[in-house]
Amino acid sequence: MPIAPDVRLADGVKIFHPELVNLYGCTINSQTKIGAFVEIQKNATVGARCKISSHSFICEGVTIEDEVFIGHGVMFTNDPFPRATNDDGSLQTDADWQPIATLVKHRASIGSNATILAGVTIGEAALVGAGAVVTRNVPDFAIVAGVPARIVGDVRRRRTDDAR
């Protein structure tokens, strides 16, 4: 069951190793590329012309807009207080919690091994450095890095500096 029948794949989606992914109940828009060992859960959406690199995990409640880059091993979370059981010791079910939505805006890039905590918005064209742990919203065009992620620059300035 690498790609479940309820997955909505738009035209031109490229899944390089369909036998090595786990996709169910999600939507993947046109011309997006998905690497091996990626899991995308139900009620997650990936926009058009995105690149989802290998070993990444996109959980329920995550929305990724168009033209976003997700590096290798990026992890999203959807519960700020995860538990296996309820207070009475019974196993939790879907009825016992609600996933917290996370949004990655148009043209953002997330570096390898970054962790994105539940409820965060990553702004348009923002850049998250490799290994960062994003605990707060990232403004449009910001460059963030570190644990926890902090603003270290602006992609618009970086592009201008590189042109010199």
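Refer to the preceding data block for the structure.
Parameters at a glance
Residues numbered from 1 in each chain as written. Predicted model: local features only at pLDDT ≥ 70, side-chain atom pairs only at ≥ 80, totals over all residues. Heavy atoms only, no water. Helix = DSSP H or I, 4+ residues; strand = E, 2+ residues; numbered from the N terminus. Rg over C-alpha atoms; globule rule 2.2 N^0.38 Å. Buried < 20%, exposed > 50% of the residue type's maximum accessible area, 1.4 Å probe, protein only. Contact = heavy atoms within 4.5 Å. Lys, Arg positive; Asp, Glu negative; His and termini not counted. Charge placed at Lys NZ, Arg CZ, Asp CG, Glu CD. Pairing = 2+ DSSP bridges. Polar contact = N/O pair within 3.5 Å; in protein donor to acceptor, adjacent residues only side chain to side chain. Core = buried A, V, L, I, M, F, W, Y, C linked by side-chain atoms within 4.5 Å. Disulfide = S-S within 2.5 Å. Salt bridge = Lys/Arg side-chain N within 4 Å of Asp/Glu carboxyl O.

### Some thoughts on the overall build of the chain
- When helices and strands are tallied, the chain shows 1 helix and 20 strands.
- Whereas a compact globule of 164 residues would reach a radius of gyration of roughly 15 Å, the chain reaches 16 Å, a difference of no more than 12%.
- The proportion of buried residues among the 164 residues of the chain is 38%.
- Restricting to contacts in the chain with at least 6 residues of sequence separation, those with at least 24 account for 16%.
- For the chain, the distance from the average position of its 16 positive side-chain charges to the average position of its 18 negative side-chain charges is 11 Å.

### Comments concerning the sheet that holds strand 16 (residues 121-122)
- Spatially, 1-4-7-10-13-16 is the arrangement adopted by the 6 strands of the open sheet, whose pairing is parallel. Unpaired on one side and paired on the other, strand 1 (8-9) and strand 16 mark the two borders of the sheet.
- Two elements, strand 13 (residues 102-104) and strand 16, share 2 bridges in a ladder whose sense is parallel. Considered in strand 16, the bridge of Leu 103 is made with Thr 121.

### Here we look at the environment of Gly 123
- Note that Gly 123 resides in the loop between strand 16 and strand 17 (127-128).
- For the pair Gly 123 and Phe 141, spaced 18 residues apart in sequence, the C-alpha to C-alpha distance is 6.6 Å.
- With residues up to four places along the chain from it excluded, the contact list for Gly 123 reads Lys 105, Ala 108, Val 138, Pro 139 and Asp 140.

### Regarding the side chain of Thr 27
- Tracing the sequence through the fold places Thr 27 in strand 4 (residues 27-28).
- Among the residues examined, Thr 27 registers a relative accessible area of 16% and is labelled buried.
- Among the polar contacts listed, one links the side chain of Thr 27 to the side chain of Arg 8, at a separation of 2.7 Å.
- When neighbours within four sequence positions are excluded, Thr 27 is seen to be in contact with Arg 8, Ala 44, Thr 45 and Val 46.

### Focus: the nonpolar core
- The biggest cluster of nonpolar side chains holds 38 residues, and the ones touching the most others in it are Ile 40, Ile 64, Phe 76, Ile 110 and Ile 122.
- Residue assignment for this core shows that the elements contributing at least two residues are strand 10 (62-64) and strand 19 (142-145).
- Every residue in contact with Ile 122, bar those within four places of it in the chain, is listed here: Leu 103, Val 104, Lys 105, Ala 108, Ile 110, Ile 116, Val 128 and Val 138.

### Some words on the state of the cysteines
- With the rule as written, the count across this model stands at 0 disulfides.
- Lacking any disulfide linkage, Cys 26 is separated from the closest cysteine sulfur, that of Cys 59, by 12 Å.

### So, the pairing of strand 20 (residues 150-154)
- The pairing of strand 19 with strand 20 spans 4 bridges and is antiparallel. Bridge pairing links Ile 143 to Gly 153 in strand 20.
- Remark: 4 residues form the turn of the hairpin made by strand 19 and strand 20, two consecutive strands paired antiparallel; Gly 146 in that turn has positive phi of roughly 100°.

### Describing the pattern of salt bridges
- One pass over the full model with this rule turns up 4 salt bridges.
- Salt-bridge contacts for Arg 49 lead to Glu 67; the nearest nitrogen and oxygen are separated by 3.0 Å. Taken together, the positions of Arg 49 in the loop between strand 7 (45-46) and strand 8 (51-52) and Glu 67 in the loop between strand 10 and strand 11 (69-70) put the pair 18 residues apart, joining distant regions of the chain.
- Judged by relative accessible area, which is 28%, Glu 67 ranks as partly exposed.
- Connected via shared salt-bridge partners are Arg 49, Glu 67 and Arg 107.

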